[in-house]
Amino acid sequence: MIAIPHKAKQFLVFTIKVLIVTIAFYFIYKQLATNDQLDWQKFIALFRKNWSFGGVLFILLFSILNRFFEILKWQNLVSYFYNISLSEATAQVFGALTAGIFTPNGLGEYAGKALFFKKSVTKKIVFLNLICNGIQMIVTIVFGVFGLLYFNANFHIITTKTVSILFGLLVIVILTFFSLKKIKIKGYSIEKLIHKINEIPKSIHQKNIGLGLCRYLVFSHQYYFLFLAFDVRLPYFTLMSAITSIYFLASSLPSFQFLDFAIKGSVAVYFLGLLGVNEWIVVFISTLMWFLNVVLPVIIGSYYVLNFKIQKAT
């Protein structure tokens, strides 16, 4: 094996870090600059009409709590085999988010977090990140299904027959999942995965579920309060059922982090259009949610990426 000189290795790492940050910012700029649906004049006019310093801080607080709960989730899961400080967990979450912004479904986050640890624990880190994202997906599905049922009961998007068919298909998928749990693919099986999950102490799982629930309530209600700020006055349960449905359906579609607002925005336009909400307001709120919960963390994460140091192998 050819040994890479130390200075050449440092230059290569520096180049990769700058490249990651540059590409991240390029994708963010491109999405904001080329989106024809954003009417900035309307936004500025409404913002000037309704804005207040306290209101802006209130909305920003939700973004801070959103990432804070994610950081606590990650710190909690890693404590299964290694204790990390809150600052270390912060660096890993923000750095990985920046690395994963231009990868499908944030897959780059898995590699991003693994780089903060020694190679000997890479598989553990990838597995824990799967658990971290998995519980968030489960919470989104549970709230989303109930939200869809409530929304459909009031607006009859799909027939009762279709709902029954979908429920039946879900039951079949679950039964198939458990009936095939012993079948191995390249040495891995669902049974082995369940066993691995059960190896983690229940207290860690319980805390992970609690933090995942808190995070979901934070970002879904940030969406809700942004609609209130834009003079959208709808019954709480009606608007929240639409929001939970939007997150459920949008998260089911393959996407990139930098396209997150476009995916959620298109789904939101359909649902909230049924409630009589103006399309441009829906697009702007979806874009604001993306800016507050993806763009700002990526900017912060850029600092951690540029200051990243490769862990020595053991």
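Residues numbered from 1 in each chain as written. Predicted model: local features only at pLDDT ≥ 70, side-chain atom pairs only at ≥ 80, totals over all residues. Heavy atoms only, no water.

## Here we look at the overall build of the protein chain
Step number 1: A tally of regular secondary structure across the protein chain gives twelve helices and zero strands.
Step number 2: Walking the protein chain from its N terminus toward its C terminus, one meets helices and strands in the order α-α-α-α-α-α-α-α-α-α-α-α.
Step number 3: Per-residue burial over the protein chain gives 40% buried out of 314 residues.
Step number 4: In the structure as shown, the protein chain presents an accessible area of about 18100 Å², 70% of it carried by carbon and sulfur atoms. (Helix = DSSP H or I, 4+ residues; strand = E, 2+ residues; numbered from the N terminus. Buried < 20%, exposed > 50% of the residue type's maximum accessible area, 1.4 Å probe, protein only. Areas by Shrake-Rupley, 256 points an atom, 1.4 Å probe, with all protein chains shown as cover.)

## Describing the packing of aromatic side chains
When we look at a pair of aromatic rings, we describe it by the centre distance and by the angle of the planes.
Step number 1: Tallied over the full model, the rule gives 21 aromatic pairs.
Step number 2: When the centroid spacing of 5.0 Å and the interplanar angle of 85 degrees are considered together, the rings of Phe58 and Phe62 count as edge-to-face. One end of the pair is Phe58 and the other is Phe62, both in helix 3 (residues 53-78) and four residues apart, which spans about a single turn.
Step number 3: Counting every residue linked through ring pairs, the aromatic cluster contains Phe58, Phe62, Tyr150, Tyr224, Phe225, Tyr236 and Phe237.
Step number 4: We note Lys113 situated over the ring of Trp74; from NZ or CZ to the ring centre the distance is 4.1 Å. (Phe/Tyr/Trp six-rings, centres within 6.5 Å; stacked < 30°, edge-to-face > 60°. Lys NZ or Arg CZ within 6 Å of the ring centre and 35° of its normal.)

## Describing the UniProt feature "transmembrane region" (unreviewed entry) in the protein chain
Step number 1: The feature "transmembrane region" (unreviewed entry), as given by UniProt, occupies residues 12-29, 50-69, 89-107, 127-151, 163-180, 223-250 and 280-306 in the numbering adopted here.
Step number 2: Summarising residues 127-151: 100% helix, 0% strand, and an end-to-end C-alpha distance of 35 Å.
Step number 3: Along residues 223-250 the backbone is 79% helical and 0% strand, and the end-to-end C-alpha distance reaches 14 Å. (UniProt positions renumbered as here; feature names shortened; annotations may be inferred.)

## Overview of the nonpolar core
In a soluble, globular protein the nonpolar side chains are often hidden away together inside.
Step number 1: Counting residues in hydrophobic clusters, the biggest one holds 31 residues, and the most contacted among them are Tyr223, Phe227, Ile243, Leu272, Val277 and Ile285.
Step number 2: Those residues in contact with Tyr223 that sit more than four places away from it in its chain are Ile243, Ile246, Tyr247, Ala268, Ile285, Ser286 and Met289.
Step number 3: Core analysis: the next-biggest nonpolar cluster, separate from the first, contains 20 residues, Ile71, Ala91, Val121 and Cys132 among them. (Core = buried A, V, L, I, M, F, W, Y, C linked by side-chain atoms within 4.5 Å. Contact = heavy atoms within 4.5 Å.)

## Topic: a positive patch on the surface
Step number 1: Judged by side-chain charge, Lys123, Lys124, Lys192 and Lys196 come together as a positively charged surface patch.
Step number 2: Of all elements in the fold, only helix 6 (122-155) and helix 8 (190-199) reach the threshold of two or more residues within the positive patch.
Step number 3: Looking at the secondary structure, you find Lys192 in helix 8.
Step number 4: Assessed through its relative accessible area of 39%, Lys192 is described here as partly exposed. (Patch = residues over 30% accessible without salt bridge, like charges linked within 9 Å, V, L, I, M, F, W, Y side chains within 5 Å. Salt bridge = Lys/Arg side-chain N within 4 Å of Asp/Glu carboxyl O. Lys, Arg positive; Asp, Glu negative; His and termini not counted. Charge placed at Lys NZ, Arg CZ, Asp CG, Glu CD.)

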